[in-house]
Amino acid sequence: MTIAPEQTAPVTTETQVQLRLGQEWIALCALSLLTPGRGVAALLPDGRQAAVFLDREGTPYAIDNQDPFAGAQVLSRGLVGSSSGGPFVASPLLKQRFDLATGRCLDDDSVSVTAYEVRLN
């Protein structure tokens, strides 16, 4: 089927999830590609990986994907839950929990991962 010029589809824009890296905001993916309660890994321009999550209320989060206890890039595959009203991800390897807002390990106060500022645009 051919679409005549007067029958072109309307232009649509999708909400993008963006992450702050230094002074720059970078687009990670369309919000529609995220599933609440599940994570995805994103490769950042500097070679690091971020674990990106969408909570059940629709708030996006991003933390480093590397589990500091195991050294593997796996936090995006962890189980998402909540503790004291805040969302966390539990590493799929050793089960330590990381606060999605701050990156703080809930099971060992001496350990944390980078938590990135995220916005919808």
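K.L.:
I tried to follow the overall build of the protein on my own but got confused; where do I start?
P.N.:
When its secondary structure is counted, the protein shows zero helices and 10 strands. Helices and strands in the protein line up, N terminus first, as β-β-β-β-β-β-β-β-β-β. Taken across its 121 residues, the protein has 37% of its residues classed as buried. Taking all contacts inside the protein whose residues are at least 6 apart in sequence as the whole, residues at least 24 apart take part in 36%. Total accessible area on the protein stands at roughly 7300 Å², and carbon and sulfur atoms take up 49% of it.

K.L.:
Which parts of the structure should I look at to understand a nonpolar patch on the surface?
P.N.:
Residues Phe69, Leu93 and Leu94 make up a contiguous nonpolar surface patch of roughly 260 Å² in combined accessible area. Mapped onto the secondary structure, Leu94 falls in the loop between β7 (86-90) and β8 (97-99).

K.L.:
When you look at the sheet that holds strand β9 (residues 115-116) in this model, what are you seeing that I'm missing?
P.N.:
Pairing within the open sheet is antiparallel, and its four strands lie in the order β3-β4-β5-β9. Pairing within the sheet leaves two strands with one partner each, and these edge strands are β3 (39-43) and β9. In this structure, strand β4 (residues 49-54) lies alongside strand β5 (residues 60-64), joined through five bridges in antiparallel fashion. Residue Phe53 lies in a different strand from β5, and its bridge partner there is Tyr61.

Conventions used here
- Per chain, residues are indexed from 1 in the order of the written sequence.
- The predicted origin of the model limits local features to residues at a pLDDT of at least 70 and limits the giving and counting of side-chain atom pairs to 80 or more, whereas totals for whole chains, interfaces and linings rest on all residues.
- Hydrogens are left out, water is left out, and the side-chain values use all remaining heavy atoms of the structure.
- Comment: elements are numbered from the N terminus, with helices defined as DSSP H or I runs of at least four residues and strands as E runs of at least two.
- Throughout this description, buried means an accessible area under 20% of the type-specific maximum (1.4 Å probe, protein chains only), exposed means over 50%, and partly exposed covers the range between.
- Every residue pair with non-hydrogen atoms within 4.5 Å of one another is taken to be in contact.
- Reported accessibility uses the Shrake-Rupley method at a 1.4 Å probe radius. Residues are deemed covered only where the shown protein chains occlude them.
- Nonpolar side chains (Val, Leu, Ile, Met, Phe, Trp, Tyr) within 5 Å and like charges within 9 Å form the patches, drawn only from residues with over 30% relative accessible area and no salt bridge.
- Salt bridges are counted wherever a side-chain nitrogen of Lys or Arg sits within 4 Å of a carboxyl oxygen of Asp or Glu.
- Two strands make a pair as long as DSSP finds a minimum of two bridges between them.

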